[in-house]
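Next come the chains, spelled out residue by residue.
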Amino acid sequence: MFEGIANGLKSALSVLGRGGKLTESNIRDGLAQVRKALLEADVHYDVATSFIKRCTEQALGDAVMKSLRPDQQIIGIVHQQLVELMGPTDHSLHLRKDTLGKIMMCGLQGSGKTTTCGKLAKMLKEQGKKPMLVAADLQRPAAIEQLKIIGQQLGVPVYSEAPAGTTPLKVCANGLIAAQKAGVDVIIFDTAGRLHVDQDLMKELEQIDRKVQPDQILLVCDAMTGQDAVNSAKAFNEALELDGVILTKLDGDTRGGAAISVKEVTGVPIKFIGIGEQLDKLEPFHPDRMAGRILGMGDIVTLFEKAAEQMDEAEVLRQQEKMAAGKFTLEDFRDQMKMIRKMGSLKDLMKMIPGLGGLLASNPDVDADGDMGRIEAVINSMTPYERNHPDKIDRSRRHRIARGAGTDPADVNRILKDFHQMSGMAQKMSGLGAMDRMKAVRDLAQGGMSNPGGGLRMPKERSKRGPADERLAEEKRKKARKDAKKQKKRNR
Amino acid sequence: MGFFDKLKQGLQRTKQLLLTDVRDIFRSGEILDEAKLEQFEGRLIRTDMGVAASALIVGELRTKYLGRTLVLDELWGTVKETVRGLLKGTDGTEWNPEQPLSPLKFAANKPTVILVTGVNGTGKTTSIAKLAKLLTTSGLKVMLAAGDTFRAAAVEQLTMWSSRLGCEIVTKPSGTDPASVAFSGCEEALKSGVDVLIIDTAGRLHNQANLMKELEKIRRVIDKKIPGAPHECLLVIDATTGQNGLNQAQHFGEAAHCTGIVLAKLDGTAKGGVTVAIRQQMGIPVKYVGVGEQIDDLELFNPEQFVDALFDESK
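The rules behind the values
Residues numbered from 1 in each chain as written. Chains lettered and ligands numbered in written order. Predicted model: local features only at pLDDT ≥ 70, side-chain atom pairs only at ≥ 80, totals over all residues. Heavy atoms only, no water. Patch = residues over 30% accessible without salt bridge, like charges linked within 9 Å, V, L, I, M, F, W, Y side chains within 5 Å. Areas by Shrake-Rupley, 256 points an atom, 1.4 Å probe, with all protein chains shown as cover. Salt bridge = Lys/Arg side-chain N within 4 Å of Asp/Glu carboxyl O. Lys, Arg positive; Asp, Glu negative; His and termini not counted. Charge placed at Lys NZ, Arg CZ, Asp CG, Glu CD. Helix = DSSP H or I, 4+ residues; strand = E, 2+ residues; numbered from the N terminus. Buried < 20%, exposed > 50% of the residue type's maximum accessible area, 1.4 Å probe, protein only. Pairing = 2+ DSSP bridges. Right-handed = clockwise from strand over helix to strand, strands pointing away. pLDDT = per-residue confidence, 0-100. Contact = heavy atoms within 4.5 Å. Phe/Tyr/Trp six-rings, centres within 6.5 Å; stacked < 30°, edge-to-face > 60°. Lys NZ or Arg CZ within 6 Å of the ring centre and 35° of its normal. Axes fitted to C-alpha atoms, helices over the stretch in contact; angles between N-to-C directions. 1 Å grid on protein atoms, 1.4 Å probe; cavity = no way out; pocket = protein on both sides within 12 Å on 5 of 7 lines; lining within 4 Å. Points joined across faces, edges and corners; volume = space filled by probe spheres on them. Core = buried A, V, L, I, M, F, W, Y, C linked by side-chain atoms within 4.5 Å.

Visitor: What should I look at first to understand a positive patch on the surface in this one?
Guide: All names here are of chain A. There is a patch of like positive charges on the surface, built from K478, R481, K482, K485, K486, K488, K489, R490 and R492. The topology assignment puts R492 in the segment after α23 (470-491). The exposure class of R492 is exposed, given its relative accessible area of 77%.

Visitor: What is the right way to look at the pairing of strand β5 (residues 232-238) of chain B in this model?
Guide: All names here are of chain B. With respect to burial, β5 is a largely interior element, seven of its seven residues being buried. Burial of the side chains of β5 extends over both faces: E232, L234, V236 and D238 are buried on one face and C233, L235 and I237 on the other. Inspection of the sheet shows strand β1 (residues 112-117) paired to β5 by four bridges, in the parallel sense. Within β5, the position partnered with T117 by the bridge is L235. Judged from the five bridges that link them, β5 and strand β6 (residues 260-264) form a sheet pairing that is parallel. When the bridges of β6 are listed, L235 appears paired with I261. Note that the unit made of β5, helix α9 (residues 244-256) and β6 has a crossover that is right-handed.

Visitor: For this particular structure, what's the right way to read the confidence of the model for chain A?
Guide: Do not read the fine detail of predicted coordinates wherever pLDDT is low. For chain A, the average pLDDT comes to 78, and 74% of its residues sit at 70 or higher. Within the model, the stretch residues 447-459 of chain A combines pLDDT values under 50 with 28 contacts to residues more than four positions away or in other chains.

Visitor: Explain the packing of aromatic side chains to me, please; I cannot follow it from the model alone.
Guide: In the structure shown here, the tally under the stated rule is one aromatic pair over all chains. The positively charged end of R164 of chain B is found above the aromatic ring belonging to W161 of chain B, 4.8 Å away from the centroid.

Visitor: Which parts of the structure should I look at to understand the pattern of salt bridges?
Guide: Side-chain pairing between opposite charges can occur once the charged atoms of the two side chains come close. Residues and elements named next belong to chain B. By the definition in use, this model includes 22 salt bridges over all chains. Taking the shortest distance from any N to any O, the salt bridge between R204 and E214 comes out at 3.0 Å. A residue pair is termed long-range when its members are at least 10 positions apart, and R204 in the loop between β4 (196-200) and α8 (209-225) and E214 in helix α8 qualify at 10 residues. Residue R204 is classed as buried on the basis of its relative accessible area, which comes to 1%.

Visitor: Help me understand the sheet that holds strand β8 (residues 282-284) of chain A in this model?
Guide: Neighbouring strands of a sheet are bound in pairs by backbone hydrogen bonds; such pairs are parallel or else antiparallel. Residue and element names in this part refer to chain A. Spatially, β3-β2-β4-β1-β5-β6-β7-β8 is the arrangement adopted by the eight strands of the open sheet, whose pairing is mixed. Here the strands that pair on one side only, and so sit at the sheet edges, are β3 (158-159) and β8. Where strand β5 (residues 216-222) and strand β6 (residues 244-248) come together, five bridges link them in parallel fashion. Residue V220 lies in a different strand from β6, and its bridge partner there is I246. Against the sheet, helix α6 (residues 113-126) engages β1 (101-107), β2 (131-136), β4 (186-191), β5, β6, β7 (270-274) and β8, with an angle of about 170° to β4. Across the sheet, helix α9 (residues 199-212) is in contact with β1, β4 and β5; its angle to β1 comes to roughly 175°.

Visitor: How do you make sense of empty space enclosed by the protein when you look at a structure like this?
Guide: Where empty space is left in the structure can be found by rolling a water-sized probe over the atoms. All names here are of chain A. All told, the structure shown has four cavities of 30 Å³ or more when counted by the stated rule. Of the volumes computed, that of the largest cavity is approximately 100 Å³. Along the wall of the largest cavity there are 14 residues; nearest its centre are L108, V220, C221, D222 and S232. Going through the elements one at a time, β5 and α10 (229-240) are the ones with two or more residues in the lining of the largest cavity.

Visitor: Looking at this model, I keep getting lost on the nonpolar core. Mind explaining?
Guide: The nonpolar side chains of a soluble globular protein tend to be buried with one another. Counting residues in each nonpolar core, the largest one holds 96 residues, and the members touching the most others are F40, L135, I198, I222 and Y288 of chain B. Every residue in contact with I222 of chain B, bar those within four places of it in the chain, is listed here: V113, L115, A182, C186, I199, A229 and P230 of chain B. In this structure, L120, M132, L176 and F236 of chain A belong to the second largest nonpolar core, which totals 91 residues.

In C-alpha cells form, the structure reads like this:
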C-alpha cells in the first residue's frame with residue numbers, strides 16, 4: 001500500500017517535526033519500509049535489495065535533505081526508479097509486413113497462454129491482420145477444444161491435429177504449411193505449459209523454435225507469481241531468447257512485483273498485460289502505472305481512460321453546463337450515477353484515486369455500491385415531475401416513493417438532502433480548476449465516506465443534553481489531561 | 001516413488017539453496033551476528049514464505065542464539081521446529097501417511113461433498129482428477145460435477161478425465177448457472193448413492209465480488225440439497241504463487257469457508273512457502289500436494305516430511 005509505505009516513511013522521518021534532522025540513518029529506515037513493501041509485493045529478494053541500494057544512493061543526495069516534504073520526495077525517487085527499471089516499453093510485435101509473421105507463446109502451466117493467444121489474435125484482427133492459431137498443446141485434455149472455441153468466437157482459423165500419433169513439433173510444422181496455403185498474415189503457436197526444469201519439454205520448445213523460426217517468442221507469466229518468477233523467466237530466456245513478456249491476471253489484487261523481477265533477469269520488455277477473462281482484455285504495458293500499482297498508489301490515468309471510454313462526452317458537457325447554471329436535477333443525478341456504475345465497482349474505482357485506497361481499507365464496511373443502488377431505486381420511484389422539482393416532494397409523496405423503493409421515508413429525505421447539498425457543491429466545483437476539483441473530491445471522500453450520497457464535510461451535531469455516555473466522556477477528559485502533563489514534562 | 005522421494009526431488013533446488021546458505025552463512029564455531037541473520041532472512045523470503053513468517057523464524061533464532069557461538073545442528077533444529085510448528089497449527093488436522101484420506105472430513109451419511117475452488121490456472125480440474133483417482137483407489141465411488149461452465153472446453157476437460165477414471169460425471173451445457181450444476185450433482189449423487197461427490201468450479205479471481213457471491217450461492221445451494229455439505233472445500237493454490245496467496249486464502253476462505261489447501265505444481269523450483277504464511281495467518285492447512293502431471297501425482301501433505309525434505313542435509 002502506498003499509504004502503508006507513506007506511513008512507514010512518515011514515522012521514520014517524523015523526528016523532523018520535532019526539530020530533528022534528516023539524517024542518513026532515518027532515510028535508510030524509511031527505505032527499509034519501502035523494501036519491506038516491495039518484498040510483500042513479491043519482488044525478488046535480490047532485485048529488491050539492489051534496487052533499494054540504488055534508491056538510497058540517490059536519496060542521500062542533498063535534494064532530499066533540503067526538500068520540504070522528504071517523505072514525498074523519497075517516494076518520488078522510488079517511483080521513478082521503478083519506472084526506469086521496468087521500462088523502456090515496446091508495444092510493437094515487430095511482425096514483417098511482406099511475409100508471414102510468426103509468434104510463439106510459451107510459459108508455465110496455467111499462466112494463461114491459450115487465453116492470451118485468443119486475445120492477441122483478436123487484437124491483430126482489429127488491426128486489420130489475418131491471424132491463424134495453431135494448437136500445439138497436446139498435453140492438457142481439451143486444450144485443443146479450448147483454442148478451437150476461441151477461434152470460433154473470433155472468427156479466426158485454428159490449425160489442429162488429433163493428439164494421438166503426432167508431436168507438437170509436427171503440428172507446428174504442418175500448421176506453418178497450412179498457414180502459407182491459407183494466405184494468413186500472422187500465425188500464433190500455442191504451446192503446452194511446461195515447467196522450466198523439465199529438460200525434455202524445454203528441448204522440445206527449442207526444436208519448435210528452430211523449425212518454425214518465430215519472429216517473436218513471448219513468455220506468458222502469471223502476475224501472481226512469487227519469488228520463483230526469476231527462476232522460470234531465466235530458464236525460458238536461456239532456452240529460447242525471449243522477445244517479450246505478457247503479464248496475465250493483473251485484474252486480480254496482486255501487486256505484481258513479478259513484473260520487476262522478470263524484467264530484471266530477462267531484460268526483455270513487458271509488452272502487454274492481461275486484465276480479464278474476456279478476449280478483449282489485453283492492454284499495452286505502462287511502467288509508470290505498474291510502478292504505482294506495486295507501490296499501492298492510485299492509478300488515476302487508468303481511471304481517466306476508463307471514464308473517457310464509458311462517458312458520452314456531449315452528455316458530460318451538457319451536464320456540466322446544467323450544474324454550473326444550478327439546474328441540475330435528480331434525473332441528471334441518476335444518469336450520472338449510471339455512467340459511473342458502468343465503469344465498474346465503486347470500490348475498484350476508488351482504489352485508483354490517490355489517497356482513497358487507504359481510506360477504503362480503513363472502512364471496509366462501507367457499501368458504496370449498494371448505496372448507489374438504493375439511491376437509484378429511490379429516484380426511479382419518483383414521477384418525472386418530482387425528479388425535476390425535488391422541493392415539491394411533501395410527506396405524502398415521500399411515503400409513496402419510499403414504498404415504491406422499498407425503503408423508509410427517512411431514507412428518501414436523506415437522499416433529497418444529500419442531493420440538495422451536492423448540487424450546491426457541484427455548482428461551486430464547476431468554477432474550480434482541475435486540481436482544486438481533485439482536492440474537493442478528496443475532502444468530500446474523507447469527510448463524507450459514511451454517506452456516499454454526497455455532502456461536504458459537515459460539523460458534527462452535538463446533543464444539547466451533553467454526551468450520551470458520561471463515563472466515556474470523563475475518561476476522554478482524563479486522558480487528555482494526562483497527555484498534556486506528559487507533553488509538559490517532555491518540553492521541560 | 002514415495003512421497004518423500006518425489007517431494008525431495010521437487011524440493012532439491014530449495015534444499016540446495018538452503019544448504020549452500022547454511023554453509024555460506026552459518027559456520028560452526030563462528031559467532032552469530034545481525035548481518036548473518038539478515039542474510040538468512042533473505043533466503044527464507046525467497047521461499048515465498050513472506051516477511052512475517054520469515055521474521056518470526058529469524059526472531060526465534062535471534063532470541064536464542066544471537067551473539068553466541070554457532071552450533072549448526074542446534075540452530076538447524078530450531079529452524080525446522082519453528083517451520084514445523086507453523087505448518088502443523090493447532091486445529092488438530094491429521095496427516096496419517098498410512099491413510100491417504102486422513103485429512104479429509106467425511107460425512108456420516110453418503111455422499112460426502114467436496115467443493116474445489118481457486119483462481120484461474122492453478123490446476124483445479126487436474127487436481128480434481130487426481131483426487132478422484134486417490135478416492136477410487138481407496139475403494140470409494142466418486143462422482144464429478146463439471147461446475148466450470150465459463151471457460152472454453154473446461155467441461156470437456158473434466159469429461160475426458162472422468163472417462164479415463166471410469167467415474168460418473170454430471171454436466172450441463174457451457175454457460176449454465178454453476179449453482180444449477182452443483183444442484184443436479186447433489187441430486188444425482190443422492191440418487192445413485194456414490195460415496196463422494198466432487199464439484200468443480202470455474203477459476204475466479206478473489207477480488208471479483210460477483211464471482212465470489214456466485215461461489216457463496218453454490219455453497220448455499222449445496223447446503224440446501226444436502227444439509228451440512230459441502231463437507232470439504234478445497235482451495236487449489238499454485239506453488240509459484242507469491243504473497244497474493246494470502247489474499248486468495250482470505251477471500252476464498254470468507255466466501256467458501258475453505259477447509260484445506262491443495263498445493264499444486266510443487267514439482268518445479270517454486271517452494272510454495274506462502275502456505276506457511278497462510279497457515280500462520282489464516283489457519284487453513286495444506287492437505288494435499290500436486291507433484292507432477294500424471295494422474296497419480298497427488299500426495300498427502302506431510303508437515304514432518306515437508307520440513308525434513310526442505311531442510312534435509314543428508315543428500
